[in-house]
There are 4 protein chains.
Amino acid sequence: MSIKAGIVGAAGFAGIEAARFILGHPDFELVAATSNELAGKRLADLYPAFEGVTDLAFSAHADAPLTSCDVVFLAVPHTAAIAQAPALVAAGVAVIDLSADFRLKDPAVYEQWYQVEHTATDLLAEAAFGLPELFGDGLKELAAKRAAGQGVLVGCAGCYPTATSLAAAPAIRAGLAADGPIVADAVSGVSGAGRKATARTHFCFANENVEAYGVANHRHTPEIEQILGIEGRLVFTPHLAPLDRGLLSTVTIPLGSNPVTQAQLDDLYCSFYENSPLVTVLTGGVQPKTSSVAGTCRAHVAAILNEHANVIVATCAIDNVGKGAAGQAVQCANIVFGLPETAGLDLIAIPA
Amino acid sequence: MSIKAGIVGAAGFAGIEAARFILGHPDFELVAATSNELAGKRLADLYPAFEGVTDLAFSAHADAPLTSCDVVFLAVPHTAAIAQAPALVAAGVAVIDLSADFRLKDPAVYEQWYQVEHTATDLLAEAAFGLPELFGDGLKELAAKRAAGQGVLVGCAGCYPTATSLAAAPAIRAGLAADGPIVADAVSGVSGAGRKATARTHFCFANENVEAYGVANHRHTPEIEQILGIEGRLVFTPHLAPLDRGLLSTVTIPLGSNPVTQAQLDDLYCSFYENSPLVTVLTGGVQPKTSSVAGTCRAHVAAILNEHANVIVATCAIDNVGKGAAGQAVQCANIVFGLPETAGLDLIAIPA
Amino acid sequence: MSIKAGIVGAAGFAGIEAARFILGHPDFELVAATSNELAGKRLADLYPAFEGVTDLAFSAHADAPLTSCDVVFLAVPHTAAIAQAPALVAAGVAVIDLSADFRLKDPAVYEQWYQVEHTATDLLAEAAFGLPELFGDGLKELAAKRAAGQGVLVGCAGCYPTATSLAAAPAIRAGLAADGPIVADAVSGVSGAGRKATARTHFCFANENVEAYGVANHRHTPEIEQILGIEGRLVFTPHLAPLDRGLLSTVTIPLGSNPVTQAQLDDLYCSFYENSPLVTVLTGGVQPKTSSVAGTCRAHVAAILNEHANVIVATCAIDNVGKGAAGQAVQCANIVFGLPETAGLDLIAIPA
Amino acid sequence: MSIKAGIVGAAGFAGIEAARFILGHPDFELVAATSNELAGKRLADLYPAFEGVTDLAFSAHADAPLTSCDVVFLAVPHTAAIAQAPALVAAGVAVIDLSADFRLKDPAVYEQWYQVEHTATDLLAEAAFGLPELFGDGLKELAAKRAAGQGVLVGCAGCYPTATSLAAAPAIRAGLAADGPIVADAVSGVSGAGRKATARTHFCFANENVEAYGVANHRHTPEIEQILGIEGRLVFTPHLAPLDRGLLSTVTIPLGSNPVTQAQLDDLYCSFYENSPLVTVLTGGVQPKTSSVAGTCRAHVAAILNEHANVIVATCAIDNVGKGAAGQAVQCANIVFGLPETAGLDLIAIPA
């Protein structure tokens, strides 16, 4: 099958990673990669990893044949997806949005956290949430619509929400959580801060440093609460650490008075993900390492019973740009096009 | 003043850092640095940072003039300090123990977490706890004993306990914490794993990786609970990140129904540490960075009110080997010898 | 086609990377991965990058069905390949040796640099040199023998020789080099030092450090001289830098009195590699970056005319474990089995 | 003694490092730190390493009391020092210039490499060259002038010229070098690229990467040739590696027909630097490590005889911002003010 794919915002880290996954995909064909800033330059000029791989050049957004694509990945800032998605969907394109625009189901919550009005609420209502392991049904419904020739839209989960939710969902959905705050302390590599050169992304400031940021006000908070159904209870604190790719979320979930054993917890998690080929549950005290999934769309998850304080400590490691963005977008597209979920996503991290 | 100082276990990271601080100290003179493994080699042979600085050689433990030292720093594994401290104290030496042997006040707790009997419980009862900002009175009492010619013992706080407690103590001691788990997720650089070459400390396994470890069973748990008086409530999860020096602890403290404002929180923290020259409280939303304190004995602290989930998120950055070990040991020694607390500890981190 | 592949010494960095390439290869099937030390453990136990990918376990060398493999990769220390290769070749296996045992054509040179007698000189004489871009004919001859059912042996080039020779060969073979020393200063990531945990590979010693090593006596010297035909003229100085994967060799070649232009140099290099799909020549002043080829079997090469001192400065970036070891081994195996040279080697580095 | 010191361009890496050294200096007092961009902000706002150390704020250049300083460090881009130095010298200030403006003795060479006219050639003729170990006499002459109340100017050596020259000078000055190219391949940490956030300094592009840059045209070429007296013979190729601080220069020097032994070479180097307290010669095959001198003004040097190719391979490790810029500037100032050369420069690198 040859499915024509376009990427809007292909010069950023998520966009170019989508290009990498698509170029290695057996069924997708990359026909357009837009960047108004870099139009005319080859992908390889900016990212020499593509030297000898492709001579495709960035095109200006206005020049790209997006409406003739089968699938378009929007790797754009929030509000830009609201501006672009409706016309593409109307043109019958399957739109996979990596921005935050179509994640929050309640427009009021979107407007509260992003400080801008949501002007595509009809499309928002129709959009599927792009986190296949937790919301696979919605994606499969899109596959039916897509097979019937309709345009569809997926609003992919963010990087922190993906890791945090994969760690916590089995326990939360099983009703194990008692009242009280659920604490997610997550650590991301610097690629999470984007391609723009800033003081934050400067090697000399990022290297040999760990710090928290966005404390008490990070925009992924409502998204995680929506996914897990824990509105008002999440304490989400992201941190920056000196690595390129990788995101680890450590979630502490208070337990109630009904005891659970470590073995039960392991069973619960293994069962929960048994049909999820890209999520691996680690047991026996093994902890997820971000290096094990770097450059891939895989997730490693573990859940440990902390009897001392009567909580579960669940952890999930992903590549923030892979499973946390571009890889997950391709995974969603696979489902929408009726392909195996893992098509083009069988990469293995450099062993470490 | 020339105070003769010895270091037992000088080849490890804490021991050699103590050597660095002592060599730059205006009043201490390094007269012995022991390492049975490396006896006869110069410090500079193992750590070429000392080339052109000192030709001092490691001596075998049995050969070192420890009882004629004024102060001896024990940078040894637990149980070794129990074995060595009594004779040194009896000889009138001020012993600054960096191991875990004299931290936990209840020998039963020590024996539970370290799986070994405590055989120096009398000395344990006399030992001061080495975390000057929180237990300065005990150290000042030792100064009086020392001035009277007696041997004394300080059991210095561990690296995670230091950062976690400095972050949380102002809020906890002010009675702000409601019931429920207190979650400390901390991230340490690889030096925290020690000088021994292992799979964990191998560059290719540590680099580009973040992972949790010791989940639900790390031995610093009871120490932090003792310091803060929160027995049975602490969820402590340490993590490893790819940096050499640095430790950040992020502590989430549930609040009760009495509201507190961010301004009150800032005031509380600033007041708490106003007489602590090595602790700086950051306000205005600025978060501590480990790079700002690397190579020093300083600590940076911030406390943020998270109204969304009604918690405080308090953070503290230290150098795990500096304020978290060797620097704090020197700071304690300064107090014991009646010197300015910051003597020899005025180093500034490489600006970043 | 299903070609049964075995790896001897699969637990080390080169061996496990061979496993990664083979698991992603369309025609090879990994049937054995030996490690006496780790027999019974899954590859994923040691390298969790394989979690969710394969449950294959390491087998003891004696238990592995190596003689029934079509191809066996020897990722073993030198002398071990001499011990193992003859029986495998005799059994009709295509042996791809990653060690140094079958690289140096003159046994006396081997014995001089490795301080051990070469006891398989007949096989040495038959072995092809595994650096396809420079010695493709020899590999193609093996393909014919292999097609005729015979066992064959490839002695793959080392990591430094690969990068250094790819940088210098076009200029040297074109006769541009004048008399005098040819200087190759190369920088390698820490994976080049192997999986063993040592002081050298300890994160805290490798991080934030660059140093030269093996100055004037590195064993890759005679291998590079043999490849380039510059016996006695090479000054080879390797360096260690704080990265995991990557090797850059910078080769300074003195020019004679016949002037060459930059354009001629570019043409020479582009022509030289026009049929080498895994080597890309960068022109226009663009320099190779190791990050562009990390995790792949690709090489990036550039040659700059330095008119000021009348030399060529040629550079080549590879992944020391990829094109420098396991990837090149698979590339050689592809040729031996008549497959496209790039089969299983179309990975793209993480864009950077 | 209290010597009033000002820093122009204090927000950059060299300027702020000068601030760090001055704040720890027993005789200098930092009275002004200029940055037009950041005027009014505290040094600690930009570099929180100064939190708890100083509340000094950056001042606008026009507002700073520079002419009333005893010493002013110019940490400015080239041409800016030409603009500022004359008035300061005329006002009797000791000016220590860290830019390239007063390094090249021949204005024509400056104009050739920097593409701008030198408009302060009188001052250039008077300036001392700031590399104390090789040009100490010139600095001592300034000390006499300074003692007599005159303004003076030092043009400090660049980072690459410092390391490269310290490595090569003993051999070159002893006449050991034969004809032919002298090859200096040097590797620098990212701080060498300055504080500006660019694609080059972005963590995700710099991390896990080594590359050459400025090949055949780096402006430090004529400076090194001037220092060593090897005009037209230097092949200088700088490289970037993923570390913050550190610079290693590896210099290959062809030997003539008169043999030299390793022991003679060691003696030569040790004698050469026996009165240079900040340079340590390593013998016995030990190679300089950049980590051993990070954050300091020290240099480690070794020279190895490579008999195979009849060359010397000399290496020198420095901190590019320390001995390569700010530290050396303070060292020069110390000499100019008649202080011990090492005043304020006795820092020891973090042991590694």
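Note that the structure is predicted; figures quoted are calculated from it, not measured. (Residues numbered from 1 in each chain as written. Chains lettered and ligands numbered in written order. Predicted model: local features only at pLDDT ≥ 70, side-chain atom pairs only at ≥ 80, totals over all residues. Heavy atoms only, no water.)

Caption draft 1: Here's a closer look at the interface of chain D and chain B. Listed per partner, the contact involves 28 residues of chain D and 28 residues of chain B. With both chains or domains summed, chain D and chain B bury close to 2,500 Å², and 67% of this area falls on carbon and sulfur atoms. Interface area lost by chain D to chain B is led by Ile-348, Ile-350 and Pro-351 of chain D, which between them contribute 27%. Joining chain D to chain B, the criterion identifies zero salt bridges. Looking at side-chain class alone, the side of chain D that touches chain B contains 15 nonpolar, six polar and seven charged residues. (Contact = heavy atoms within 4.5 Å. Buried area = accessible area lost by both parts, 1.4 Å probe. Salt bridge = Lys/Arg side-chain N within 4 Å of Asp/Glu carboxyl O. Nonpolar A, V, L, I, M, F, W, Y, C, P; charged D, E, K, R; others polar.)

Caption draft 2: Summary view of the interface of chain A and chain B. Contacts between chain A and chain B engage 44 residues on the former and 44 residues on the latter. Between chain A and chain B the total buried area reaches about 3,600 Å² when both faces are included, carbon and sulfur atoms providing 63% of it. Its largest share of buried area at the contact with chain B, chain A owes to Glu-208, Val-210 and His-308 of chain A, together 17% of the area lost on that side. Scanning the region where chain A abuts chain B turns up two salt bridges. Between Glu-211 of chain A and Lys-289 of chain B there is a salt bridge, with the nearest N and O atoms lying 3.9 Å from each other. Applying the counting criterion to the chain A and chain B interface returns 14 residue pairs in polar contact (both at pLDDT 80 or more). (Polar contact = N/O pair within 3.5 Å; in protein donor to acceptor, adjacent residues only side chain to side chain.)

Caption draft 3: The arrangement of the relation of the copies chain D and chain B in detail. Aligned on chain B, chain D shows an RMSD of 0.0 Å; the corresponding rotation is 180 degrees and the shift along the axis is 0.0 Å. The transformation just described matches what one would write down for a two-fold rotation axis. The share of interface residues of chain D whose copies in chain B are also at the interface is 100%, consistent with both copies meeting through the same surface. (Least-squares fit on C-alpha atoms with pLDDT ≥ 70 in both.)

Caption draft 4: Region of the structure containing the pairing of strand E7 (residues 182–188) of chain D. Residues and elements named next belong to chain D. The buried fraction of E7 amounts to seven of the seven residues, a majority that puts the element mostly inside the structure. The alternating pattern of E7 places Ile-182, Ala-184, Ala-186 and Ser-188 on one face and Val-183, Asp-185 and Val-187 on the opposite face, and all of these are buried. Two strands pair when backbone bridges link them, and E7 and strand E9 (residues 234–240) are joined in this way by seven bridges, in the parallel orientation. Bridge pairing links Ala-186 to Pro-238 in E9. (Buried < 20%, exposed > 50% of the residue type's maximum accessible area, 1.4 Å probe, protein only. Helix = DSSP H or I, 4+ residues; strand = E, 2+ residues; numbered from the N terminus. Pairing = 2+ DSSP bridges.)

Caption draft 5: Looking closely at the packing of aromatic side chains. A full pass over the atoms with the stated rule returns 30 aromatic pairs over all chains. Pairing Tyr-110 of chain A with Tyr-114 of chain A gives two aromatic rings, centres 5.1 Å apart and planes at 20 degrees, and the pair type is stacked. Of this pair, Tyr-110 of chain A and Tyr-114 of chain A are both found in helix H4 (residues 107–114), four residues apart, which corresponds to roughly one turn of the helix. Of the residues examined, Tyr-110 of chain A reaches a relative accessible area of 0% and is grouped as buried. For the ring pair Tyr-160 of chain C and Phe-236 of chain C, a centre distance of 5.0 Å and an interplane angle of 65 degrees mean the geometry is edge-to-face. (Phe/Tyr/Trp six-rings, centres within 6.5 Å; stacked < 30°, edge-to-face > 60°.)

Caption draft 6: Representation of the relation of the copies chain A and chain B within the structure. The transform that puts chain A on chain B rotates by 180 degrees and translates by 0.0 Å along the axis, for an RMSD of 0.0 Å. The share of interface residues of chain A whose copies in chain B are also at the interface is 100%, consistent with both copies meeting through the same surface.

Caption draft 7: Local environment of the domain arrangement of chain A. All names here are of chain A. Along its sequence, chain A is carved into domain 1 (3–156 + 323–336) and domain 2 (159–320). Put simply, the middle of domain 1 and the middle of domain 2, counted by C-alpha atoms, are 25 Å apart. Domain 1 puts 28 residues into the contact, and the matching count from domain 2 is 33 residues. Where domain 1 abuts domain 2, roughly 2,400 Å² becomes buried across the two surfaces, and 60% of that area is made up of carbon and sulfur atoms. One can count three salt bridges joining domain 1 with domain 2. Residue Arg-245 is joined to Glu-17 by a salt bridge in which the shortest nitrogen-to-oxygen separation is 3.1 Å. Inspection of the region where domain 1 meets domain 2 yields 15 residue pairs in polar contact (both at pLDDT 80 or more). Those elements giving two or more residues to the side of domain 1 that touches domain 2 turn out to be helix H1 (13–23), H4, helix H6 (132–147) and helix H11 (322–336). Top element by residues in the side of domain 1 that touches domain 2 is H11. It accounts for six residues. (Domains from an automatic or database assignment.)

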